[in-house]
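Observations on the model geometry
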Amino acid sequence: GENVEQHPSTLSVQEGDSAVIKCTYSDSASNYFPWYKQELGKRPQLIIDIRSNVGEKKDQRIAVTLNKTAKHFSLHITETQPEDSAVYFCAASYPGDQAGTALIFGKGTTLSVSS
Amino acid sequence: DSGVTQTPKHLITATGQRVTLRCSPRSGDLSVYWYQQSLDQGLQFLIQYYNGEERAKGNILERFSAQQFPDLHSELNLSSLELGDSALYFCASSVDQAIGNTIYFGEGSWLTVV
């Protein structure tokens, strides 16, 4: 089955700096890679996603890149703000045995942005 | 508000007991997913249902079972509970099971086993 590795587990940056979180996946059949943000005590929420036919996608201060050959994708946050502090999860689509689809998540990165 | 409703929000029970967690997906969503979140394991995929049928299975223990009913709500049954089952259980839903559809999470059910 799919396995998603995420690094680093914690990341501390100064306000205004950039933050990069990296993930690798194992199943070459995966073709959808979303990123979720989870604030303390709340539900995970989708912030950006990318499909396998696209190498890069950007939405204001966040961007995601995908290297299918290397099975690697990354989240980039520029001009970080204190409200960016949260746990970020990467995920890869899981082609289930019974024609289902689900997301397999990395273990998360705790981002702390200090002002 | 994601539109995914989970009950109860908090539950405390003893080891060996059985509990049922309930989930109502967003209106119109046919696919339901269950995830377990613990401090050291992140978000673990348990199981997916689509329109009443099981479609994908993750790391779900044999003591756990789930189903999706004709009205599309879903229940996760946890039995013979152990201390290690204490976790936040999320239900999520998507419109169908096509890859790339956004999966929306509920607020979760906090389970504490004592």
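Residues numbered from 1 in each chain as written. Chains lettered and ligands numbered in written order. Predicted model: local features only at pLDDT ≥ 70, side-chain atom pairs only at ≥ 80, totals over all residues. Heavy atoms only, no water.

Right, let's get into the overall build of chain B. The number of helices and strands found in chain B is zero helices and 11 strands. Scanning chain B from its N terminus toward the C terminus, one meets helices and strands in the order β-β-β-β-β-β-β-β-β-β-β. Against the globule reference of 13 Å for 114 residues, chain B gives a C-alpha radius of gyration of 13 Å, in line with a compact fold. Expressed as lengths along the three principal axes of its C-alpha atoms, the size of chain B is roughly 40 × 30 × 25 Å. Here chain B, with 114 residues, has 51% of them falling under the buried criterion. A separation threshold of at least 6 residues defines the contact pool for chain B, and within that pool the share at least 24 residues apart is 54%. Summed over all atoms, the accessible surface of chain B reaches about 5,200 Å², with 48% contributed by carbon and sulfur. One way to put it: in chain B the 7 positive side-chain charges average out to a point 3 Å from where the 12 negative ones average out. (Helix = DSSP H or I, 4+ residues; strand = E, 2+ residues; numbered from the N terminus. Rg over C-alpha atoms; globule rule 2.2 N^0.38 Å. Buried < 20%, exposed > 50% of the residue type's maximum accessible area, 1.4 Å probe, protein only. Contact = heavy atoms within 4.5 Å. Areas by Shrake-Rupley, 256 points an atom, 1.4 Å probe, with all protein chains shown as cover. Lys, Arg positive; Asp, Glu negative; His and termini not counted. Charge placed at Lys NZ, Arg CZ, Asp CG, Glu CD.)

Here we take up the state of the cysteines. Cysteine pairs can be linked by a disulfide, which is a covalent bond between their two sulfur atoms. Under the definition given, this model contains two disulfides over all chains. Sulfur-sulfur distance for the disulfide between Cys23(A) and Cys90(A) comes to 1.9 Å. With the S-S dihedral at roughly -100 degrees, the linkage between Cys23(A) and Cys90(A) falls on the left-handed side. Here Cys23(A), found in strand S3 (residues 19–25), pairs with Cys90(A), found in strand S9 (residues 86–95); they are 67 residues apart in sequence, far enough to count as distant. Of the residues examined, Cys23(A) reaches a relative accessible area of 0% and is grouped as buried. Using a relative accessible area of 0% as the deciding quantity, one classes Cys90(A) as buried. Two residues share a disulfide in this structure: Cys23(B) and Cys91(B), whose sulfurs sit 1.8 Å from each other. Taking the torsion about the sulfur-sulfur bond, which here is approximately -60 degrees, the covalent link between Cys23(B) and Cys91(B) counts as left-handed. With Cys23(B) in strand S3 (residues 19–24) and Cys91(B) in strand S9 (residues 87–94), this pair connects stretches of sequence that are 68 residues apart. Each member of the pair Cys23(B) and Cys91(B) is classed as buried. (Disulfide = S-S within 2.5 Å.)

So, on to the sheet that holds strand S8 (residues 74–78) of chain B. Residues and elements named next belong to chain B. Pairing in this open sheet of four strands is antiparallel, and the strands run S1-S3-S8-S7 from one edge to the other. Unpaired on one side and paired on the other, strand S1 (5–7) and strand S7 (64–68) mark the two borders of the sheet. In this sheet, neighbouring strand axes are inclined to one another by 15 degrees on average, regardless of whether the strands run parallel or antiparallel. Across five bridges, the pairing between S3 and S8 is antiparallel. Each bridged residue has a counterpart across the sheet, and for Leu21 the counterpart in S8 is Leu76. (Pairing = 2+ DSSP bridges. Axes fitted to C-alpha atoms, helices over the stretch in contact; angles between N-to-C directions.)

Taken as a whole and judged by the stated rule, the model has 14 aromatic pairs over all chains. Arranged with centres 5.5 Å apart and planes meeting at 55 degrees, the rings of Tyr35(B) and Phe45(B) form a pair that is tilted. Here the residue Tyr35(B) occupies a position in strand S4 (residues 31–38), and Phe45(B) occupies one in strand S5 (residues 42–50), the gap between them amounting to 10 residues. Pair check on accessibility: Tyr35(B) and Phe45(B) agree, each one buried. Three or more aromatic residues link up through ring pairs in this structure, and these residues are Tyr36(A), Phe89(A), Tyr94(A), Phe105(A), Tyr35(B), Phe45(B), Phe90(B) and Phe105(B). (Phe/Tyr/Trp six-rings, centres within 6.5 Å; stacked < 30°, edge-to-face > 60°.)

Taken residue by residue, the interface counts 26 residues in chain B and 22 residues in chain A. Note on chain B versus chain A: buried area summed over both sides is about 2,100 Å², and carbon and sulfur give 53% of it. Per-residue buried area on chain B facing chain A is highest for Leu43(B), Ile99(B) and Phe105(B); these three make up 27% of the total on that side. Between chain B and chain A we count one salt bridge in total. The closest approach of N and O atoms between Arg43(A) and Glu107(B), which form a salt bridge, is 3.2 Å. The tally of links from chain B across to chain A stands at five residue pairs in polar contact (both at pLDDT 80 or more). Taken together, the residues of the side of chain B that touches chain A sort by class into 10 nonpolar, 10 polar and six charged. (Buried area = accessible area lost by both parts, 1.4 Å probe. Salt bridge = Lys/Arg side-chain N within 4 Å of Asp/Glu carboxyl O. Polar contact = N/O pair within 3.5 Å; in protein donor to acceptor, adjacent residues only side chain to side chain. Nonpolar A, V, L, I, M, F, W, Y, C, P; charged D, E, K, R; others polar.)

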